[in-house]
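# A closer look at the structure
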Amino acid sequence: MKLKSRQSTRRYAVMIPTKGRSDRIQKGFRKMTFLNDGRVYVGIEHRETEDYKSFMNENPLVNYVFYHNPEGSVSFARQQLKCSADMNHSHRSYIFTDDNAVFTETSLHTLLNAHKDCTTDTTPCVMAGAHSTSEHFDRNRRKLMEIHGETRSYPQPSMIFYCVSQNVCKDYIFPHDTFGLDDRHFFLWLMSKGVRNFRVCPDAPYTKSRYQKGGQGTIEERMMKCGRAVEKIARDFPEWAGSSGTLRLPWQLILDTLSGKIPDRLAGGAMRSETKLTGMET
């Protein structure tokens, strides 16, 4: 791949909200020095400005966006970043990612290349990078791998590190009450506007640890925020939210929580069964 020749005219914005993770994001940016760039937007709550001073001093080229976010909503923070990026009309592609996601410069530009290779005037594309676990969880979807232009990808909606054309999402507003399920609401909105081409590029890898200190808060806070986010998604997209025909609830986890046994993470996506999340397997 002729990576260098495709980087020179890049017009993109990388948007990263952060909360309670000044040490984590500083450590990440020391690995990703290429993110000290005017095309990168980092969102910080006003009340945490002092905590992030060292990080900001190390990365003076970044666009810093400050806001009040009393509910600690990821979705609200993303909207503040998007508003700032929208004011710079030179951006053509938006990359949404998290403050604890780590990727290389090659991975970033491969993601942009893959997005461009799969996007046409009539067929917009949402292109995501690949987490290391995708080799397992997407093993059947990977059988549908195709090469477009100079990049390969397979069809699958995926979040955390993904690229969208600015003109496709310019009218979207991240609701404050989708909290950490912002990406689900965003993808359903894109589908409602006719977007069907969601893909993953395995050559744009990233890593991310879950349930680190900061972010959406404690387990109890995450539970509450997820519940409110599900309510918002169900109101806006009731048919799709109800397409499973039921609502799966981790009954034993709920009972354990009511008994004061707080889990160390939520059931969705956990590698352990719900009965093991509190260390109280029955």
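Refer to the preceding data block for the structure.
First, a word on scope: everything that follows refers to the structure included in this document. (Residues numbered from 1 in each chain as written. Predicted model: local features only at pLDDT ≥ 70, side-chain atom pairs only at ≥ 80, totals over all residues. Heavy atoms only, no water.)

### Concerning the side chain of aspartate 99
Spelled out, the test is: Secondary structure is summarised from DSSP: a helix means a run of H or I of at least four residues, a strand means a run of E of at least two, and numbering begins at the N terminus for each. Whenever two N or O atoms come within 3.5 Å, that pair is a polar contact, provided that in protein one can donate a hydrogen and the other can accept it, and provided that, for residues adjacent in sequence, both atoms are side-chain atoms. When checking whether two residues touch, look at their non-hydrogen atoms; a contact exists if any pair is within 4.5 Å.
Secondary-structure assignment places aspartate 99 in the loop between strand E4 (93–96) and strand E5 (101–102). A polar contact is formed between the side chain of aspartate 99 and the side chain of threonine 18, at a distance of 2.8 Å. There is a polar contact of 3.5 Å between the side chain of aspartate 99 and the backbone nitrogen of lysine 19. Those residues in contact with aspartate 99 that sit more than four places away from it in its chain are Ile16, Pro17, Thr18, Lys19, Arg21, Arg24 and Ile25.

### Some points on the packing of aromatic side chains
This is how it is decided: Within 6.5 Å between ring centres, the rings of Phe, Tyr and Trp (the latter by its six-membered ring) count as paired, and their orientation is classed by plane angle as stacked under 30 degrees, edge-to-face over 60, tilted in between. Relative accessibility thresholds used throughout: buried, under 20% of the residue-type maximum; exposed, over 50%; partly exposed, between the two (1.4 Å probe, protein chains only).
Scanning all chains against the criterion turns up 20 aromatic pairs. With a centroid separation of 5.7 Å and an interplanar angle of 65°, the aromatic rings of phenylalanine 96 and phenylalanine 174 are classed as edge-to-face. Of this pair, phenylalanine 96 sits in strand E4 while phenylalanine 174 sits in the loop between helix H7 (166–169) and helix H8 (182–192), placing them 78 residues apart in sequence. With relative accessibility at 3%, the residue phenylalanine 174 sits in the buried group. Their ring planes at 90° and their centres at 5.1 Å tell us that tyrosine 162 and phenylalanine 187 sit as a pair that is edge-to-face. With tyrosine 162 in strand E9 (residues 162–165) and phenylalanine 187 in helix H8, this pair connects stretches of sequence that are 25 residues apart. Note on tyrosine 162: relative accessible area 2%, which makes it buried. By the ring-pair criterion, three or more aromatic residues cluster together here, those being Tyr94, Phe96, Tyr162, Tyr172, Phe174, Phe186, Phe187, Trp189 and Phe198.

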